[in-house]
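Observations on the three-dimensional arrangement
The lines below spell out each chain.
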Amino acid sequence: MSILTVDHVSVRYMTGDFKEIGLKEYVMRRLTKNYHVQEFWANRSIVFSLERGEMLGIIGSNGAGKSTLLKVIAGIMEPTIGHVERQGSIAALLELASGFDGDLTVRENAYLRGAMLGYTRRFMDEAYDQIIEFSELQEFQDRPFKQLSSGMKSRLAFAIASMVRPDILILDEVLSVGDGAFRKKSETKMREIISSGATTILVSHSLNQVQELCNRVLWLEKGEQVAFGETAEICKLYQQFSEKSISLNCQVKCNKRERL
């Protein structure tokens, strides 16, 4: 039985006059047929399923709809069409450095973020030293959070979030935090979570990372599902597509320079 099923999920965003006008103006424009709304489909008919312990890599260029799909899977957004079935608990590591208070200390923010993730005070008391050691912030515990670098902030967020042991784990570019040594440590931590039986979804712009960690790949482009299946085959096709796109863009730029 699949632990996660994404069944023809589509997500539509609406943009237009309604964002800038009041109710009276809205009614008048509707009556005069001068009301303009635009539809943008971030995802269209996405279909796949995962078994327990599988790791899915989601790849695609910027604007492909990857982050929107993650939010739907995590339950943060409702799809316009289709539905998602989840079995067990789910944890999402999205936008790691958000949700902190810059004026609070690192210690206070650790407890605050833990509470936001549903951890009890007792759990945080027991896990705090481990979190600080993992994030390598022993010397900064009583500093205001706003004094940390962006890499330090992300390391703390990752250390707190990785304490959880969910059935489904969602990672959005979180394995790229910190320097090379910390990235390796992050990957090792994620391997521990995966080996415990968690089904994991990873969005990454690093094709090497996806090839190394994932046994399934979902390729999205402009909201459309291009392919879903075995890692090696799809990554090879995606790499060929990317190289061809880069070559085409370079050719277009060269032609423009020549015309100038």
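It should be emphasised that the depicted structure is a prediction, and the values quoted were computed from it without experimental measurement. Note that residues are indexed from 1 along each chain, following the sequence as it is written. Side-chain atom pairs in this predicted model are given and counted only at pLDDT of 80 or more, local residue features only at pLDDT of at least 70, and totals for whole chains, interfaces and linings cover all residues. In computing side-chain properties, one takes all heavy atoms of the structure into account and sets aside hydrogens as well as water.

Each residue's exposure class comes from its accessible area (1.4 Å probe, protein chains only) as a fraction of the maximum for that residue type: buried when under 20%, exposed when over 50%, partly exposed otherwise. To qualify as a helix, a DSSP run of H or I must reach at least 4 residues; to qualify as a strand, a run of E must reach at least 2; elements of each kind are numbered from the N terminus. Most of helix 2 (residues 66–74) sits inside the fold, with seven of its nine residues counted as buried. All of the buried residues along helix 2 are Lys 66, Thr 68, Leu 69, Leu 70, Val 72, Ile 73 and Ala 74. In the segment just after helix 2, Gly 75 is the residue with positive phi, at about 90 degrees.

Positionally, Val 226 belongs in strand 9 (residues 224–230). Here the alpha-carbon distance between Val 226 and Ile 46, two residues 180 residues apart in the chain, equals 9.5 Å. Contact between two residues is taken to exist if any of their heavy atoms lie within 4.5 Å; hydrogens are not considered. When sequence neighbours within four positions are dropped, the list of residues in contact with Val 226 reads Trp 219, Leu 220 and Glu 221.

Right, let's talk about the packing of aromatic side chains for a bit. What counts as a ring pair is set by centres within 6.5 Å for rings of Phe, Tyr and Trp (its six-membered ring), and what kind of pair is set by the plane angle: stacked under 30 degrees, edge-to-face over 60, tilted for all other angles. One pass over the full model with this rule turns up ten aromatic pairs. Aromatic pair Phe 134 and Phe 182: ring centres 5.6 Å apart, planes at 70 degrees, arrangement edge-to-face. Taken together, the residues span a long stretch of sequence, with Phe 134 in helix 4 (residues 121–135) and Phe 182 in helix 6 (residues 180–195) at a distance of 48 residues. In this pair, the class of Phe 134 matches that of Phe 182, namely buried. For the pair Trp 219 and Tyr 238, a centre-to-centre distance of 5.3 Å together with 85 degrees between the ring planes defines the contact as edge-to-face.

Values of pLDDT, ranging from 0 to 100, describe the predictor's confidence in every residue of the model. On average, residues of the protein chain score 84 in pLDDT, and 85% of them reach the 70 mark or higher. At the low end of the mean pLDDT range in the protein chain sits helix 1 (residues 23–31), at 70; at the high end sits strand 8 (residues 216–221), at 96.

Turning next to the side chain of Lys 189. Along the polypeptide, Lys 189 turns up in helix 6. It turns out Lys 189 is buried and unbridged, and the closest side chain with the opposite charge, Glu 192, is 4.0 Å from it. When neighbours within four sequence positions are excluded, Lys 189 is seen to be in contact with Gln 130, Phe 134, Phe 158, Ser 162, Met 163 and Arg 165. Residues scored as charged are limited to Lys and Arg (positive) and Asp and Glu (negative), so that His and the chain ends carry no count. We define a salt bridge as a side-chain nitrogen of Lys or Arg found within 4 Å of a carboxyl oxygen belonging to Asp or Glu.

Let's shift gears to a nonpolar patch on the surface. Together, Val 27, Met 28 and Leu 31 line one region of the surface with nonpolar side chains, adding up to about 290 Å² of accessible area. Looking at where Val 27 falls in the secondary structure, it is placed in helix 1. Patch criteria: residues need more than 30% relative accessible area and no salt bridge. Like-charged residues are merged within 9 Å; nonpolar side chains of Val, Leu, Ile, Met, Phe, Trp and Tyr are merged within 5 Å. Accessibility throughout is a Shrake-Rupley quantity obtained with a 1.4 Å probe, and a residue counts as covered only by protein chains that appear here.

With 44 residues, the main nonpolar core has Ile 59, Ile 131, Leu 137, Leu 148, Leu 156 and Leu 169 as its most contacted residues. Sort the elements by how many residues they give to this core and helix 5 (residues 150–161) lands first, with seven residues. In this structure, Leu 169 is in contact with Ala 91, Leu 93, Met 190, Ile 193, Thr 199, Thr 200 and Ile 201, ignoring residues within four places of it in sequence. We call a set of buried Ala, Val, Leu, Ile, Met, Phe, Trp, Tyr and Cys residues a nonpolar core when their side-chain atoms join them within 4.5 Å. In terms of nonpolar packing, the next biggest core, distinct from the first, is built from 25 residues, Val 9, Leu 50, Ala 74 and Leu 94 among them.

Of all five residues that make up strand 3 (residues 55–59), five are buried, and the element is covered over most of its length. Residues Met 55, Gly 57 and Ile 59 point to one face of strand 3 and Leu 56 and Ile 58 to the other, with burial holding for every one of them. With four bridges joining them, strand 3 and strand 7 (residues 199–203) adopt parallel strand pairing. Looking across to strand 7, one finds that Leu 56 is bridged to Ile 201. Any two strands with at least two DSSP bridges between them are considered paired.

Packing of helix 4 against helix 5 brings their axes to within 8 Å, and their N-to-C directions diverge by 140 degrees. The orientation of helix 4 with respect to helix 5, classified from their angle, is oblique. The interaxial crossing formed by helix 4 with helix 5 has right-handed handedness. Where helix 4 approaches helix 5, its residues Ile 131, Ile 132, Phe 134 and Ser 135 are matched on the opposing element by Arg 155, Leu 156, Phe 158, Ala 159 and Ile 160. Of the residues in the contact of helix 4 with helix 5, the class split is seven nonpolar, one polar and one charged. Every angle, taken between N-to-C directions, lies between 0 and 180 degrees, and every axis is a line fitted to C-alpha atoms, over only the stretch in contact when it is a helix. When an angle is under 35 degrees it counts as roughly parallel; over 145 it counts as roughly antiparallel; between 65 and 115 it counts as roughly perpendicular; any other value is oblique. Left-handed describes a crossing in which the near helix is turned anticlockwise from the far one by less than a right angle; the clockwise case is right-handed. Any residue that is not Ala, Val, Leu, Ile, Met, Phe, Trp, Tyr, Cys, Pro, Asp, Glu, Lys or Arg is counted as polar, Gly included; the first ten are nonpolar and the last four charged.

This part is about the pattern of salt bridges. Applying the stated criterion across every chain yields a total of ten salt bridges. Put simply, Arg 121 and Asp 125 hold a salt bridge, and the shortest N to O gap is 3.3 Å. Of this pair, Arg 121 and Asp 125 both sit in helix 4, four residues apart, which is roughly one turn of that helix. Between Arg 122 and Glu 126 there is a salt bridge, and its shortest N-O distance comes to 3.5 Å. Within this pair, Arg 122 and its partner Glu 126 are both found in helix 4, separated by four residues, close to a single helical turn. Here the two residues Arg 122 and Glu 126 agree in accessibility, since each one is exposed. Through salt bridges with shared partners, a single network forms among Glu 54, Arg 216 and Glu 230.

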